[in-house]
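Understanding the architecture of this molecule
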Amino acid sequence: MAAKSETLRLIIKAKDAASGELAVVNRSLKAVRGTLNSLPKMIFNLKTAFAGLGLGLTAKQFIDAASSAEQYQTRLKVLLGSTKEGARLFQEMSDYAGKVSFRYEEIMGAATNLAGVMKGGTDEVKQWMPLIGDLAAATGMSIQETTGQVIRMYSAGAASADMFRERGVLAMLGFQAGVSYSAEETRKKLMEAWKDPASQFRGAAGELGKTWSGMLSMLSDAWFQFRTLVMEAGLFDYIKALVGTFLGFLKRLKTEGRLDEFAKGMAKKVLVAINVIIRGFAAVLEAITLM
């Protein structure tokens, strides 16, 4: 009996010890399950936060950013007549866009329009863009509107800026009504009005960038540039090479007169795939109905 009692005591002790170890394991597993269960929520919340800030986490948005940047670089290269100068102006405007409240696309569009008019190239556009940004911020006009009016003044004198005259911007800049100003006089006076220590609008774009809306705009621009840098690391060229290969394949089929044949064959395969999906769905639906 004593031996049996000792054996029973040892069994109970082992069971208690095992229970303790199992409790530790269960707590660990519970923590792991909790982490795994919360992970989708964390990812969802992260995506929601980015979406709320106007940022994108999709492959398409990375490609769109790279495509937009490529188009602006190409246009600047053509307008400035130099790949090097086009790339330099593109970088200068990218840096400027990250400091002000206006969107990257607005800044690049304005710089591209200026590059087509100003003969001083990158340095002249770089000089005029901050003036245009400050003027747009101070007057509440868009970058596109402000750029258009400044280009008119730059090319044909103050009198050509109808919108500026109607909104009192010309008066704010010191241009007198009824006085004729040549294009050269207008450019000089406009730049002087901006550089004047007592200027009413210099620095307005920077101040606007400190507002909530301005901060979100700069965040969006920074995210745009990040996506562009990611794609420029070689990924965009790889995707373009794939698309180019496929386009070459289609061009070869067309040249050989086999494009229609290929399209019909592809259509048949798509129809077969659709039929398989429909039949599979029907089988699953029937099985559920019979349960």
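The coordinates are above.
Read on for an overview of the structure. (Residues numbered from 1 in each chain as written. Predicted model: local features only at pLDDT ≥ 70, side-chain atom pairs only at ≥ 80, totals over all residues. Heavy atoms only, no water.)

What follows is about the overall build of the chain. Within the chain, the regular secondary structure consists of 12 helices and zero strands. The secondary structure elements of the chain, listed N-terminal to C-terminal, are α-α-α-α-α-α-α-α-α-α-α-α. Buried positions account for 29% of the 291 residues belonging to the chain. Considering only residue pairs separated by 6 or more positions, the chain has 60% of its internal contacts joining residues 24 or more positions apart. Here the chain has roughly 18800 Å² of accessible surface; of this, 63% comes from carbon and sulfur atoms. (Helix = DSSP H or I, 4+ residues; strand = E, 2+ residues; numbered from the N terminus. Buried < 20%, exposed > 50% of the residue type's maximum accessible area, 1.4 Å probe, protein only. Contact = heavy atoms within 4.5 Å. Areas by Shrake-Rupley, 256 points an atom, 1.4 Å probe, with all protein chains shown as cover.)

Moving on: the pattern of salt bridges. Think of it this way: side chains of opposite charge can pair up when their charged atoms draw near. On inspection of all chains with the given rule, the structure shows 11 salt bridges. When the shortest N-O distance is used, the salt bridge between Arg-103 and Glu-105 registers 3.3 Å. Judged by its relative accessible area of 28%, Glu-105 is partly exposed. In this structure, Glu-207 and Lys-210 form a salt bridge, with 3.2 Å as the shortest nitrogen-oxygen distance. By relative accessible area, which is 48% here, Glu-207 ends up partly exposed. (Salt bridge = Lys/Arg side-chain N within 4 Å of Asp/Glu carboxyl O.)

Attention shifts here to the nonpolar core. Grouped together as the largest cluster of nonpolar side chains are 49 residues, with contacts concentrated most on Ile-107, Met-129 and Phe-164. Counting residues per element, the ones that place at least two in this core are helix H2 (59–80), helix H3 (83–97), helix H4 (104–115), helix H5 (121–139), helix H6 (143–156), helix H8 (169–172), helix H9 (183–195) and helix H10 (204–208). Residue contributions to this core peak at eight residues, all from H5. Ignoring any residue separated from it by four or fewer positions in sequence, one finds Met-129 in contact with Met-93, Tyr-96, Ile-107, Ala-110, Ala-111 and Leu-114. Membership of the second largest hydrophobic core comes to five residues, among which are Phe-62, Ala-66, Met-231 and Phe-236. (Core = buried A, V, L, I, M, F, W, Y, C linked by side-chain atoms within 4.5 Å.)

Next up on the list: H3. Residues separated by three or four positions in an α-helix point in the same direction, a consequence of the helix having 3.6 residues per turn. With 15 residues, H3 should reach 21 Å at 1.5 Å per residue; the first-to-last C-alpha distance of 21 Å fits that figure. Those residues of H3 lying buried are Gly-86, Leu-89, Phe-90, Met-93, Ser-94, Tyr-96 and Ala-97. With its buried residues spanning 160 degrees around the axis, H3 presents them on a single face. Against H2, H4, H5, H10 and helix H11 (212–255) lie the buried residues of H3. If you check the start of H3, you find a side-chain oxygen 3.3 Å away from the backbone N of Lys-84, and it comes from Ser-82. (Expected span 1.5 Å × (residues − 1). Arc of directions from axis to C-beta. Polar contact = N/O pair within 3.5 Å; in protein donor to acceptor, adjacent residues only side chain to side chain.)

For the rest of this paragraph, the subject is a nonpolar patch on the surface. A contiguous nonpolar patch, built from Phe-226, Val-230, Leu-235, Tyr-238 and Leu-242 and spanning about 470 Å² of accessible area, is present on the exposed surface. According to the relative accessible area criterion, Tyr-238 is exposed, its value standing at 52%. (Patch = residues over 30% accessible without salt bridge, like charges linked within 9 Å, V, L, I, M, F, W, Y side chains within 5 Å.)

Helix packing for two helices is described by the angle between their axes and how far apart those axes are. Where H2 meets H4, the axes come as close as 9 Å, and the angle between the chain directions of the two elements is 15 degrees. With respect to H4, the element H2 is oriented roughly parallel. Taken as a pair, H2 and H4 cross one another with a handedness that is left-handed. In contact with Ala-69, Tyr-72, Arg-75, Leu-76, Leu-79 and Leu-80 of H2, H4 contributes Tyr-104, Glu-105, Met-108, Gly-109, Ala-111, Thr-112, Asn-113 and Ala-115. Split into classes, the residues belonging to the contact of H2 with H4 amount to nine nonpolar, three polar and two charged. (Axes fitted to C-alpha atoms, helices over the stretch in contact; angles between N-to-C directions. Parallel < 35°, antiparallel > 145°, perpendicular 65-115°, else oblique. Left-handed = near helix turned anticlockwise from the far one by under 90°. Nonpolar A, V, L, I, M, F, W, Y, C, P; charged D, E, K, R; others polar.)

This paragraph deals with the packing of aromatic side chains. One pass over the full model with this rule turns up nine aromatic pairs. Summarising the aromatic geometry, the rings of Trp-128 and Tyr-154 are spaced 5.7 Å apart at their centres and angled 85 degrees between planes, so their arrangement reads as edge-to-face. Taken together, the residues span a long stretch of sequence, with Trp-128 in helix H5 and Tyr-154 in helix H6 at a distance of 26 residues. A relative accessible area of 4% places Trp-128 in the buried class. Measuring from ring centre to ring centre gives 5.0 Å for Phe-175 and Tyr-181, while their planes differ by 90 degrees; the resulting arrangement is edge-to-face. In textbook terms, an aromatic cluster arises when at least three aromatic residues are bridged by ring pairs, as seen for Tyr-72, Phe-90, Tyr-104 and Phe-224. (Phe/Tyr/Trp six-rings, centres within 6.5 Å; stacked < 30°, edge-to-face > 60°.)

The residue Val-125 is located in helix H5 in this model. Exposure remark for Val-125: the relative accessible area of 0% places this residue in the buried category. Distance in space between the C-alpha atoms of Val-125 and Ala-111 is 6.6 Å, their sequence separation being 14 residues. When near neighbours in sequence (up to four residues on either side) are disregarded, Val-125 contacts Leu-89, Ala-111, Leu-114, Ala-115 and Met-118.

Within the secondary structure, Asp-134 sits in helix H5. At 5.4 Å, Arg-202 is the nearest oppositely charged side chain to Asp-134, a buried residue that forms no salt bridge. Those residues in contact with Asp-134 that lie beyond four places of it in its chain are Trp-194, Phe-201, Arg-202, Gly-203, Ala-204, Ala-205 and Gly-206. (Lys, Arg positive; Asp, Glu negative; His and termini not counted.)

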